[in-house]
Amino acid sequence: MAGSLLGNAVPRVEDPDLLRGRGDFVDDLTVEGALHAVFVRSPMAHARVSVADVDAARAAPGVVGVFTAADLDLKPGFTFFVVNKDCARPPLATDRVRFVGEPVALVVAATRAQAVDAAELVDVDYVPLPAVVDMEEALAPGAPLQFDAVPGNIAAGERGPERDVLAGATHVARARITNPRLAVAPMEGNAILAVPGGPDAEYDVTAYIATQMPHGAKAAIARVFGLEPDRVRVVAPHVGGAFGGKAGLPPEHSVVIAAARRLGRPVKWAETRSEAMLSMQGRGQVQYVELGLSAEGRFTGLRCRVVGDCGAYAGFGGTFAHSTTYIMAPGVYDITELDYAGVAALTNTAPVGAFRGAGRPEAAAMIERIVDIAADELGLDPVEIRRRNFIAPSAFPYASSAGMTYDNGDYDLALTEALRVADYDGLRREQAGRRERGDVRALGIGVACYAEITGGGAGELGVVEVGDDGAVTVRAGTSAHGQGHATTFSMLVADRLGVPMERIRYEQSDTALVPRGSGTGGSRSLQLGGTAVSLATDTVLAQATEVAGVLLEAAAADIELSEGRFRVGGVPDASVGWDEVAGRAAADGTPLRAEHDFAPKDATFPFGAHVSVVEVDLETGLVTPRQHIAVDDCGRVLNPLIVAGQQHGGVAQGMSQALWEHFAYDGDGNPVTATFADYSIPAATEFPVFTVSNTETPTPMNPLGAKGIGESATVGSTPAVQNAVVDALSHLGVRHIDMPLTPDRVLEAVARAGAGTSQNIWREPPPVFAGLRVRRGGHDDAATI
């Protein structure tokens, strides 16, 4: 926008403190008299449990308290939302543990080292029970049950009405696809400092929490402890990443708060890396997908049977199999016939939650892989088959077969730009040349197109006020932990009010300062919180214009704001600044202040196209990413620097899933990748240079025209990379490799192809889907996290 701050690459105002080590995270906070907590955790995946003796631990140096479930008497509950009421989790194990790492007791001592030593002295008896680790095996008849009241280990599930959506197809592409479980692995794990209130304190509990949703944590604390909400304060200081893993109230937080209230002293707990690897996990699906096509390569129908892994206690991430993965299953394609069933299975593994994208990356991985498989089987270029089946720009708003209404999109525009930047035709020529020469380093080109859903759910609060000195304070109910809200929201205010950025103070994540809010998740913040701030800014400007009119003895309609000063139109010499206007308003008892709650008309649907270029060493199986192009459309772009940062982070995590990451368990439910020595987190040096850009298709769903960007590049990058690796090996007869595409898996696929062994990428799905309840209302109302 000409003459506007918006649309320009404004550096983040948050970064100087973080880069110079001035940021305060929960574990940095000090409170006089604070104690330190350490959990005693189960080493077994499934067992009867009883705490035999805590006397030695209580007598250890520095120990102030040792607590078991019987000591604290906390009711079983749910971390974020209820998947199955019969799967409630006790904050501390009572008579049974259901995954390795489940908390059994809490030790509180003067120092963390003393608490660690004392935890070793807690004597716990375990009687092993049969465990089930694989999600499909958990659904098999006779599998060990996690809860007697939950038959078949089915935490939840739905299916569509019975009909044959493939009847009109002349060709059907089929594949069984796995989407592996991942560790969320933010830099900072879960952490809490719980400060109990005394009899005269303003709050019964003040909790400093590493969370992405402070108000949700506040409500949960009030509910768990039977407190009035206004007697609870939650503060999220700097938070070292979340990616969906820090939603809700983890059981450990409830235990620490209970211990602090029992002891009457502050108690701090921060996860170790191994604890964090277990507490925050996402993804985990097995997808049976069948795509019907006409002889010309037009999609005629899609049938999906998807198993989601809940882990223990019905972790809510397992339900994405029949919620967000379902609603985005058709992707960017005009698929009018959809038959979809999803089931969430209980396993004796850590509970599964959300991870960047929360079901939408799984949907894109599924549809984009089967589209590539179909293209290969029909002898079509993967670009051409996509173009034949895109939803046309003229079709929007588009009612999808999964019950969604896409706001708008131009999918071929993004694809065309990605192909241009990549020089797709040149890459295909290079690939052909390598194959003719028999090069040991095969070139692969992967294409993926996606749409995702963002910005739905509840509304959001924005607050803007101008102080007597003309400085502006901005607040929002979102809760940034790396997204740049302080920069973007301040830009909105600075642009509208003409106030320099350095005169704007942004406040968030403290329930004592911000009365309500839904936090950050589902790429919702700018389109909801930013819009709320923008509309509150408009109200403050209208208030100020009235006051300026009084000061300048003119009608408000004649007042103009230019370069941060109010003037009467056509009379440039007389003017008043924000300090004068705000001072007069305060003196009149009507300070310049506005709150606005913005609720969206509906969700928005960002989209994009990614092209991945990889080299695969046919002798070692090593995959080397060479180039990645991302063209993502998030509606109107307000700060391209922040958008590019989100794209870079999303591509990195999506590529990492495709090539390296997988949280694994052995057959007894023991985690085998619970440290960074075993779990493959890539270094920056292992990534290629990312080439990111945008098309802009403003949405009509909010005044800013903005869609989400925080998760988009993760959605698009994973299938692009996977498609690229398979494409590199396609001339050898390799049709599919499941993620992660490690050297071992690549070599195995190459060896099978070389031996002439036919690759079977399909088997019939388990029979469990037939017994699921029929979906009501066309689709689930799926939260985006």
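Residues numbered from 1 in each chain as written. Predicted model: local features only at pLDDT ≥ 70, side-chain atom pairs only at ≥ 80, totals over all residues. Heavy atoms only, no water.

1. Concerning the confidence of the model for the chain
For the chain, mean pLDDT is 96; residues scoring 70 or higher make up 98% of the total. Confidence drops under pLDDT 50 across residues 778-784; counting only partners more than four residues distant or on other chains, this segment forms 22 contacts. (pLDDT = per-residue confidence, 0-100. Contact = heavy atoms within 4.5 Å.)

2. Brief notes about unusual backbone geometry
Residue Pro397 is bonded to the preceding Phe396 through a cis peptide linkage, with omega at -5 degrees. Its location among the elements puts Pro397 in the loop between helix 11 (382-387) and strand 16 (398-399). Here the residue pair Met739 and Pro740 is connected by a cis peptide bond, since its omega of -10 degrees sits within 30 degrees of zero. Tracing the chain through its elements places Pro740 in the loop between helix 18 (712-729) and helix 19 (743-754). Look at Ser523: it is not a glycine, yet its phi comes out positive at around 50 degrees. Along the chain, Ser523 turns up in the loop between strand 21 (504-507) and helix 15 (525-552). (Helix = DSSP H or I, 4+ residues; strand = E, 2+ residues; numbered from the N terminus.)

3. As for the packing of aromatic side chains
Where two aromatic rings form a pair, the distance of their centres and the angle of their planes describe that pair. Applying the stated rule across the entire model yields 23 aromatic pairs. Consider the rings of Phe299 and Tyr333, whose centres lie 5.3 Å apart with planes at 80 degrees: the pair is edge-to-face. Here Phe299, found in strand 14 (residues 299-311), pairs with Tyr333, found in the loop between helix 9 (324-327) and strand 15 (338-346); they are 34 residues apart in sequence, far enough to count as distant. A centroid spacing of 5.1 Å and a plane angle of 75 degrees characterise the contact between Tyr411 and Phe607, whose relative ring orientation is edge-to-face. With a gap of 196 residues between them, Tyr411 in helix 12 (residues 411-422) and Phe607 in strand 26 (residues 607-617) connect regions that are remote in the sequence. Overall, Phe607 belongs to the buried group, its relative accessible area being 1%. Of note, Arg98 hangs over the ring of Phe147, and the distance from its end group to the ring centre comes to 4.0 Å. (Phe/Tyr/Trp six-rings, centres within 6.5 Å; stacked < 30°, edge-to-face > 60°. Buried < 20%, exposed > 50% of the residue type's maximum accessible area, 1.4 Å probe, protein only. Lys NZ or Arg CZ within 6 Å of the ring centre and 35° of its normal.)

4. Looking at the sheet that holds strand 14
Taken together, five strands build an open sheet; the order of strands is 7-15-14-13-8 and the sheet is mixed. Single-partner strands in this sheet number two, and they are strand 7 (154-159) and strand 8 (171-183). Averaged over all pairs of adjacent strands, the angle between strand axes in this sheet comes to 10 degrees, irrespective of strand direction. Where strand 14 meets strand 15, nine bridges bridge the pair, whose relative direction is parallel. The partner of Gly311 across the bridge, within strand 15, is Leu346. Lying over the sheet, helix 10 (residues 360-378) contacts strand 8, strand 13 (281-293), strand 14 and strand 15, oriented at roughly 145 degrees with respect to strand 8. (Pairing = 2+ DSSP bridges. Axes fitted to C-alpha atoms, helices over the stretch in contact; angles between N-to-C directions.)

5. Examining the pairing of strand 23 (residues 565-568)
A regular strand carries its side chains on alternate faces of the sheet. Side chains Phe566 and Val568 of strand 23 all project onto a buried face; the interleaved residues Arg565 and Arg567 project onto a face where none is buried. With antiparallel pairing between neighbouring strands as the criterion, strand 22 (residues 559-562) and strand 23 make up a hairpin whose turn holds two residues, including Glu563 at a positive phi of roughly 55 degrees. Relative to strand 24 (residues 571-577), strand 23 is paired through four bridges, and the arrangement is antiparallel. Residue pairing across strands places Val568 opposite Val571, the latter belonging to strand 24. Connecting the antiparallel pair strand 23 and strand 24 is a turn made up of two residues, with Gly570 showing a positive phi of about 85 degrees.

6. A look at the pairing of strand 9 (residues 191-196)
Of all the six residues making up strand 9, six are buried; the element is thus mostly covered by neighbouring parts of the structure. Neither face of strand 9 is exposed, since Ala191, Leu193 and Val195 on one face and Ile192, Ala194 and Pro196 on the opposite face are all buried. With four bridges connecting them, strand 9 and strand 12 (residues 267-270) associate as antiparallel partners. Each bridged residue has a counterpart across the sheet, and for Leu193 the counterpart in strand 12 is Lys268. In this sheet, strand 10 (residues 205-209) lies alongside strand 9 in antiparallel orientation, the contact comprising five bridges. In the sheet register, Val195 faces strand 10, and the bridge partner there is Thr206.

7. Some words on the packing of helix 6 (residues 214-225) against helix 7 (residues 251-263)
Relative orientation of the contacting elements helix 6 and helix 7 amounts to 60 degrees, with a least axis distance of 11 Å. Considering their axes alone, helix 6 and helix 7 lie oblique with respect to each other. Here helix 6 runs over helix 7; the crossing is right-handed. Contacts between helix 6 and helix 7 involve Ile221, Val224 and Phe225 on the former and, on the latter, Ser254, Ile257, Ala258 and Arg261. Residue classes in the contact of helix 6 with helix 7 are distributed as five nonpolar, one polar and one charged. (Parallel < 35°, antiparallel > 145°, perpendicular 65-115°, else oblique. Left-handed = near helix turned anticlockwise from the far one by under 90°. Nonpolar A, V, L, I, M, F, W, Y, C, P; charged D, E, K, R; others polar.)

8. Some points on a negative patch on the surface
On the surface, Asp53, Asp55, Asp123 and Asp125 cluster together to form a negatively charged patch. Owing to a relative accessible area of 31%, Asp53 belongs among the partly exposed residues under this scheme. (Patch = residues over 30% accessible without salt bridge, like charges linked within 9 Å, V, L, I, M, F, W, Y side chains within 5 Å. Areas by Shrake-Rupley, 256 points an atom, 1.4 Å probe, with all protein chains shown as cover. Salt bridge = Lys/Arg side-chain N within 4 Å of Asp/Glu carboxyl O. Lys, Arg positive; Asp, Glu negative; His and termini not counted. Charge placed at Lys NZ, Arg CZ, Asp CG, Glu CD.)

9. Things to note about the pattern of salt bridges
What the rule picks out here adds up to 48 salt bridges. Note that Arg163 and Glu337 form a salt bridge whose closest N and O atoms lie 2.6 Å from each other. You can see Arg163 sitting in the loop between strand 7 and strand 8 and its partner Glu337 sitting in the loop between helix 9 and strand 15, a full 174 residues away along the chain. Given the relative accessible area of 38%, Arg163 is considered partly exposed. Connected via shared salt-bridge partners are Glu465, Arg475, Arg505, Glu507, Arg516, Arg593, Glu595 and Asp597.

10. Description of the sheet that holds strand 28 (residues 690-693)
Across the sheet, which stays open at both edges, the four strands sit in the order 18-26-27-28 with mixed pairing between neighbours. Lying at the two open borders of the sheet, with one neighbouring strand each, are strand 18 (441-451) and strand 28. Between one strand axis and the next, the sheet turns by 10 degrees as a mean value, whatever way the strands run. In this sheet, strand 27 (residues 623-633) lies alongside strand 26 in antiparallel orientation, the contact comprising 10 bridges.

11. Examining the nonpolar core
Counting 61 residues, the largest nonpolar core has Leu291, Leu302, Tyr333, Tyr406, Tyr411 and Val611 as its most contacted members. With sequence-adjacent residues up to four places away left out, Leu291 is seen in contact with Leu166, His171, Val172, Ala173, Phe299, Gly301, Leu302, Ile335, Ile370, Val371 and Ala374. Counting 40 residues, the second largest nonpolar core, distinct from the first, contains Leu6, Ala494, Val533 and Ala582. (Core = buried A, V, L, I, M, F, W, Y, C linked by side-chain atoms within 4.5 Å.)

12. Points about the environment of Thr336
Assignment of secondary structure puts Thr336 in the loop between helix 9 and strand 15. The class for Thr336 is exposed, based on a relative accessible area of 55%.

13. Here's the deal with helix 18
When the terminal C-alpha atoms of helix 18 are compared, their 27 Å separation across 18 residues agrees well with the 26 Å that a helix rising 1.5 Å per residue should span. Extensive coverage of helix 18 is indicated by the burial of 18 of its 18 residues. (Expected span 1.5 Å × (residues − 1).)

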